[in-house]
Protein chains: 2
Amino acid sequence: MSSNSSIVPCASGSVERWDHEADVVVVGFGCAGSCAAIEAAELGADVLVLERASGGGGTAANSGGLIYLGGGTPVQRESGFEDDTEEMYKFLMAACGPGVDADKIRVFCDGSLEQFRWLEEHGVPFKRTFYPEPGKEPPTDDCLVYSGGEEAWPFNEIARPAPRAHKPRAPGAAGGFLMQKLLTAASRTATKVLEDTRAERLITDGDGVVVGVVARQTGDLRCIRARRGVVLTAGGFISNREMTRRYAPQLARANWRVGTDGDDGSGILMGMGAGADAIRMEAGSVSIPIYPPKEMKKGVLVNGHGQRFINEDTYYGRIGQRALYEQDGRCWLIVDAETYLVNEVGMQAAVVEESFTELEAKLGLAEGSLVATMDLYNGHARRGVDPVFHKKAEMIVPLDEPPYGAIDCTLKGAVYAAFTLGGLRTRPSGEVLRPDGSVVEGLYAAGRTTSGVSAWGYASGVSLADGMLFGRLAARSAAARSKGSRG
Amino acid sequence: MSSNSSIVPCASGSVERWDHEADVVVVGFGCAGSCAAIEAAELGADVLVLERASGGGGTAANSGGLIYLGGGTPVQRESGFEDDTEEMYKFLMAACGPGVDADKIRVFCDGSLEQFRWLEEHGVPFKRTFYPEPGKEPPTDDCLVYSGGEEAWPFNEIARPAPRAHKPRAPGAAGGFLMQKLLTAASRTATKVLEDTRAERLITDGDGVVVGVVARQTGDLRCIRARRGVVLTAGGFISNREMTRRYAPQLARANWRVGTDGDDGSGILMGMGAGADAIRMEAGSVSIPIYPPKEMKKGVLVNGHGQRFINEDTYYGRIGQRALYEQDGRCWLIVDAETYLVNEVGMQAAVVEESFTELEAKLGLAEGSLVATMDLYNGHARRGVDPVFHKKAEMIVPLDEPPYGAIDCTLKGAVYAAFTLGGLRTRPSGEVLRPDGSVVEGLYAAGRTTSGVSAWGYASGVSLADGMLFGRLAARSAAARSKGSRG
């Protein structure tokens, strides 16, 4: 095939010799890849993992370790929360759009309790406790947190709220701990891992069926045969600046990229080279770490027009997306003397004035704009209501105790932590689809290499849970494919 | 190649007989296709056009006929407007983002005066007159209108405003007239046209080079050889509901689709099947025809939170995009007794009340929200300013003469006229690119089958101008490709 392209697959006919061979070849040894490897190996498949780094872990190892699970897990039950699969489904359908894949969300929710059990069976422990600060992983070894605005409007009216982000039992960020456990579980199977091995290109037979991978190992190219299937679990593309600008120009403006060098889009590009469709490529998770502590939600968030634009008590990833994609990265959290706080990451009022008139002038907002917003807000707040954006009563207080401060939440002043959500279009089974809906035979994918449960909207913990569950399903599909039918 | 796919190209080796053959095969005979055919034929290439309908014209024939041209055209000069290529470039770079292709906009602007001359030389006449109502085509045979918010904030501060939408000299909607002239010009060349012939699939050789097209003609499949190149000018995908939902879920909510049955995405899918990248697939033009008359701009547009969100005097396509993509299709134009008007398409106040308090209650807006917005607006308006959204002074009047009315601009109450802007990624030369930036040899594309000058933001007239100019450039590239080098 075209020699001018770096992603069009190599023809199997041109392979002189297969350097390695396995039933299932997994590209990437992060969260999705390790679960895929374990699953395929436990089903009796001969599994080979290709990992470009010198060890497994991927971006998951650098994460907080939150895993979005629900439907009434032992942790939810024992810490006093009622949840069921339908409520989880309703929440994700509403929060992960627009453009959700209902089939994927259905499978994700239906499989969630089993996924929890699977994790415990594979050595990942969870304490049966709730931690009351929402958004990110607890600094303790506590488990359960709200992580997607489940308890905030409009989701609290759409589905019964329940916290669903589960953190493995380790203090603080537990992504490293989690991946250690998963890599250990993988090492207990017959899975073989080639580290420092970078997959570069797929290999297809004359019918376009994927039969292997070309990988680079310390400079040399290796041809690796996959008798049953190749599973791409190679992360997203936030570390590929050119790709991010091309597919997600708004996301490219974010000032903090959540990922490793491996999130360079190579898995997505390999899939596309083999004919796969890629969807939601413009979408990304964007978080501004305004809280903890949750009392920060008592502030009033205003945009460059001095207007509110979202309920401040929703998930900070929802706030970040709106701020970046719709508000040009311009917003400030307004506080007064009573609500003044410095948050966990040190965000604090950068501008302080005795009146909203002076504050709006200092921020460069239009004359009267912030005053009008605060008059309306305070008028409602004195009655404990927010009919405009529906913030919960417990976070509503009038801001009328000068001085007044503005916490800089603009792109220039705050962290906008971003990663990509778009990727290969797959069935829940992990089968990779072309733009016409046909299947690229022999190819499977999961994790951030695919467009998953979070089509657009996000909740913390969805990436890990999505990677695990659909990584396992992809592996199951690959392992079940009739051996040596092709190639 | 994979028999389960409808878009993976056929292998040339499996072609039993070539039913037709030409140097350049053009798929689609709308605005881009007709200009491509004329250009290639005039360069001496043997040209064959495949058109699925029983005659040429495409969506362009149903359009208003506005063509975005500038840099100091004879019409601009003789009707008293100064313009130059740099101002046009600055405007388009700002208005067509995010994610603009600077190279494409450069070529588009640099080629604009020549494109005007080319049109006149090919029988498309333009009256040397300006029509003062912006947005859409004049009801008269006048030519020039503002069509992209050039004279409104922020663009009036970024580039010197000039009207650039040129309508051919025919009363009212002139798309049919324009296409009649272009089809006549094509008929004067040696171009051959196969009507009722639907291109279904590309044909590639063993190296992935495009060497022809499989088309269906009254039920029978025909193999058509392209000795130099295939040019895809087959429109967008707004008429393909499944594709629109998949790639542009927000756009799929629009209630009025601008296109013909031919805008079914088949050109884009054929290109993707041959390995092409598709970008900005989520983007679309969305217009709410609030004006003419332009006095409608004196109203105040508010969203579902009772807030303003845009300067009302900007291009209604900009308003429509924001309303659909960011405001959940919820907005109303507020007017008072003095500014009350029924617009050209019959939009008028559906709810009328004696106070803003009653009006906001009737619209279901939060208590006090519309009152606060109108207080702020009217306070500024009494001084003739709009520091919040920068509406021009001539459209600013206080709305303080009861009764007050709300014109329904919601998705339920107003027309949201939409078409897709995403498509194949091409160079300005029309060469089609894979996701890795390599060229799909033998394949070219233009018009709404590609992502063009309007990456995201739109201005009326850009689609026709973009299709014409890049259609011609694609044809030139195809015609210049060495004959019979492949296949």
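Visitor: Would you take a moment to explain the overall build of chain A for this structure?
Guide: Scanning chain A from N- to C-terminus turns up 13 helices and 21 strands. Its C-alpha atoms give chain A a radius of gyration of 24 Å, within 12% of the compact-globule value 23 Å for 487 residues. In terms of overall dimensions, chain A has a C-alpha envelope of 75 × 50 × 35 Å along the principal axes. A total of 487 residues make up chain A; the buried ones form 63% of that total. Across chain A, every contact between residues at least 6 apart in sequence was considered, and the portion connecting residues at least 24 apart equals 74%. As displayed, chain A has an accessible area near 16,100 Å², and 48% of this comes from carbon and sulfur atoms. For chain A, the distance from the average site of its 52 positive side-chain charges to the average site of its 62 negative ones is 5 Å.

Visitor: Quick question: what am I supposed to make of the sheet that holds strand β4 (residues 67–68) of chain B here?
Guide: Sheet strands associate in pairs through backbone hydrogen bonding, adopting either a parallel or an antiparallel arrangement. Residues and elements named next belong to chain B. Spatial strand order, β4-β6-β5: three strands in an open sheet with antiparallel pairing. In the strand order of this sheet, the two ends are held by β4 and β5 (144–145), each with one partner. Pairing of β5 with strand β6 (residues 165–166), which is carried by two bridges, proceeds in the antiparallel orientation. Paired with L144 across the two strands is H166, which belongs to β6.

Visitor: For this particular structure, what's the right way to read the interface of chain A and chain B?
Guide: How big an interface is tends to be reported as the loss of accessible area on association of its parts. Listed per partner, the contact involves 47 residues of chain A and 47 residues of chain B. In total, chain A and chain B occlude about 3,700 Å² of area from one another, counting both sides; carbon and sulfur atoms represent 53% of this. Summed over the shared surface of chain A and chain B, the result is four salt bridges. Among the ionic pairs, E367(B) bridges to R383(A), the shortest N-O distance being 3.2 Å. Connecting chain A to chain B are 26 residue pairs in polar contact (both at pLDDT 80 or more). Breaking the side of chain A that touches chain B down by element, the ones donating at least two residues are α8 (241–247), α9 (266–273), β12 (278–279) and α12 (369–381) of chain A. Classifying every residue of the side of chain A that touches chain B gives 19 nonpolar, 14 polar and 14 charged.

Visitor: Hey, could you run me through the packing of helix α4 (residues 102–110) of chain A against helix α13 (residues 462–480) of chain A in this one?
Guide: Residue and element names in this part refer to chain A. Between α4 and α13, the shortest axis-to-axis distance is 11 Å and the interhelical angle comes to 95°. The orientation of α4 with respect to α13, classified from their angle, is roughly perpendicular. Contacts between α4 and α13 pair K104, V107 and F108 from the former with A465, D466, L469, F470 and L473 from the latter.

Visitor: I would appreciate a short explanation of the packing of aromatic side chains in the present structure.
Guide: Residues and elements named next belong to chain A. Applying the stated criterion across every chain yields a total of 26 aromatic pairs over all chains. Ring centres 6.3 Å apart and planes at 15° place the aromatic pair Y68 and F91 in the stacked group. With Y68 in strand β4 (residues 67–68) and F91 in helix α3 (residues 85–95), the pair connects residues that are 23 residues apart, well separated along the chain. The exposure classification of Y68 matches that of F91, with both residues buried. Judged by centre distance (6.1 Å) and plane angle (75°), the rings of F237 and Y247 are edge-to-face. Of this pair, F237 sits in the loop between β10 (220–232) and α8 while Y247 sits in helix α8; the two residues are 10 residues apart in sequence, bridging distant segments of the chain. Residue classification places F237 among the buried positions, given a relative accessible area of 0%. Taken together, the aromatic side chains of Y68, F91 and F155 make up a single cluster linked through ring pairs. Positioned over the ring face of Y89 is R106, at 3.9 Å from the centre of the ring.

Visitor: How should I be thinking about the sheet that holds strand β15 (residues 331–335) of chain A in this particular structure?
Guide: Residue and element names in this part refer to chain A. The strand order across the open sheet built from four strands is β14-β15-β17-β16, with neighbouring strands paired in antiparallel fashion. Every other strand in the sheet has two partners, leaving β14 (300–303) and β16 (349–353) as the edge strands with one partner each. Mean inter-strand twist for the sheet, computed between neighbouring axes without regard to direction, equals 30°. Inspection of the sheet shows β14 paired to β15 by four bridges, in the antiparallel sense. Of the residues in β15, the one forming a bridge with L301 is L333. Where α12 meets the sheet, its contacts fall on β14 and β15, and the angle it forms with β14 comes to roughly 150°.

Visitor: Would you mind going over the pairing of strand β17 (residues 404–408) of chain A with me for this structure?
Guide: Consecutive residues of a regular strand have side chains that alternate between opposite faces of the sheet. All names here are of chain A. The buried fraction of β17 is high, at four of five residues. For β15 and β17, the ladder comprises four bridges, and the chain directions are antiparallel. For L333, the partnering residue across the bridge sits in β17 and is I407. In this sheet, β17 lies alongside β16 in antiparallel orientation, the contact comprising four bridges. Among the inter-strand pairings, E353 is bridged to a residue of β17, identified as Y404.

Visitor: Could you clarify how one ought to interpret the pattern of salt bridges in this entry?
Guide: Two side chains with opposite charge may pair up if their charged atoms get near one another. Inspection of the entire model under this criterion finds 76 salt bridges over all chains. Put simply, E441(A) and R481(A) hold a salt bridge, and the shortest N to O gap is 3.5 Å. Of the two residues, E441(A) sits in strand β21 (residues 439–445) while R481(A) sits in the segment after α13, which places them 40 residues apart along the sequence. Ionic pairing is found between R227(B) and D23(B), a salt bridge with its closest N-O pair at 2.9 Å.

Visitor: Which parts of the structure should I look at to understand the relation of the copies chain A and chain B?
Guide: Note on the chain copies: they are related by a rotation about an axis and a translation along it. Rotating chain A by 180° and translating it 0.0 Å along the rotation axis places it on chain B, where the RMSD comes to 0.0 Å. Taken together, these values place the two copies in the relation of a two-fold axis. When you check the interface residues of chain A against chain B, 100% turn up at the interface there too, and the contact is symmetric in its surfaces.

Visitor: What is the right way to read empty space enclosed by the protein from this model?
Guide: If a probe as big as a water molecule is rolled over the atoms, it shows which places are left empty. Counted by the stated rule, this structure contains seven cavities of 30 Å³ or more. Computed from the structure, the largest cavity encloses a volume of approximately 300 Å³. Around the largest cavity, the lining is made up of 25 residues, and of these Q307(A), T373(A), Q307(B), A372(B) and T373(B) lie nearest the centre. Put simply, the parts of the chain that give the lining of the largest cavity at least two residues each are α12 of chain A together with α12 (369–381) of chain B. Residues belonging to the lining of the largest cavity are distributed by class as follows: 10 nonpolar, 12 polar and three charged. Contributing to the lining of the second largest cavity are 22 residues, with M272(A), A278(A), M281(A), M272(B) and A278(B) lying nearest its centre.

Visitor: Looking at this structure, I do not really get helix α1 (residues 31–42) of chain B. What am I missing?
Guide: Since one α-helical turn is 3.6 residues long, residues separated by three or four positions face the same way. Residue and element names in this part refer to chain B. Over its 12 residues, α1 extends 17 Å from the first C-alpha to the last, a length consistent with the 16 Å expected when each residue adds 1.5 Å. Where burial is concerned, most of α1 is hidden: 11 out of the 12 residues are buried. If you check which residues of α1 are buried, you get C31, A32, G33, S34, C35, A36, A37, I38, E39, A40 and A41. Contact partners of the buried residues in α1: β2 (20–27), β3 (47–50), α5 (112–121), α7 (175–187), β10 (220–232) and α13 (462–480). Downstream of α1 by a residue or two, G44 has a phi angle that is positive, lying close to 95°.

Visitor: I'm lost on the environment of A95(A) in this one. Help?
Guide: All names here are of chain A. Within the element layout of this structure, A95 appears in helix α3. For A95, a relative accessible area of 0% puts it in the buried group. As a C-alpha pair, A95 and F470 span 375 residues in sequence and 19 Å in three-dimensional space. With residues near it in sequence (within four places) discarded, A95 still touches F155, R318, G457 and Y458.

Visitor: Explanation requested: the confidence of the model for chain A in the structure shown.
Guide: Parts of the prediction with low pLDDT should not have their coordinates interpreted in detail. Here chain A averages 96 in pLDDT, while 98% of its residues score no lower than 70. The ipTM, which scores confidence in the relative placement of chains, is 0.95 for this predicted complex, and the corresponding pTM is 0.96.

Visitor: In this structure, what is going on with unusual backbone geometry? I would like to understand it.
Guide: In most cases, non-glycine residues show a negative phi, while peptide bonds are predominantly trans. With an omega dihedral of 0°, the bond running from W153(B) to P154(B) counts as a cis peptide bond. Along the chain, P154(B) falls in the loop between β5 and α6 (155–158). Of the consecutive residues Y291(B) and P292(B), the connecting peptide bond is found in the cis state with omega at 5°. Unusually for a residue other than glycine, D328(A) sits at a positive phi of about 60°. Mapping D328(A) onto the fold places it in the loop between α10 (316–325) and β15.

Definitions and cut-offs
Residues numbered from 1 in each chain as written. Chains lettered and ligands numbered in written order. Predicted model: local features only at pLDDT ≥ 70, side-chain atom pairs only at ≥ 80, totals over all residues. Heavy atoms only, no water. Helix = DSSP H or I, 4+ residues; strand = E, 2+ residues; numbered from the N terminus. Rg over C-alpha atoms; globule rule 2.2 N^0.38 Å. Buried < 20%, exposed > 50% of the residue type's maximum accessible area, 1.4 Å probe, protein only. Contact = heavy atoms within 4.5 Å. Areas by Shrake-Rupley, 256 points an atom, 1.4 Å probe, with all protein chains shown as cover. Lys, Arg positive; Asp, Glu negative; His and termini not counted. Charge placed at Lys NZ, Arg CZ, Asp CG, Glu CD. Pairing = 2+ DSSP bridges. Buried area = accessible area lost by both parts, 1.4 Å probe. Salt bridge = Lys/Arg side-chain N within 4 Å of Asp/Glu carboxyl O. Polar contact = N/O pair within 3.5 Å; in protein donor to acceptor, adjacent residues only side chain to side chain. Nonpolar A, V, L, I, M, F, W, Y, C, P; charged D, E, K, R; others polar. Axes fitted to C-alpha atoms, helices over the stretch in contact; angles between N-to-C directions. Parallel < 35°, antiparallel > 145°, perpendicular 65-115°, else oblique. Phe/Tyr/Trp six-rings, centres within 6.5 Å; stacked < 30°, edge-to-face > 60°. Lys NZ or Arg CZ within 6 Å of the ring centre and 35° of its normal. Least-squares fit on C-alpha atoms with pLDDT ≥ 70 in both. 1 Å grid on protein atoms, 1.4 Å probe; cavity = no way out; pocket = protein on both sides within 12 Å on 5 of 7 lines; lining within 4 Å. Points joined across faces, edges and corners; volume = space filled by probe spheres on them. Expected span 1.5 Å × (residues − 1). pLDDT = per-residue confidence, 0-100.

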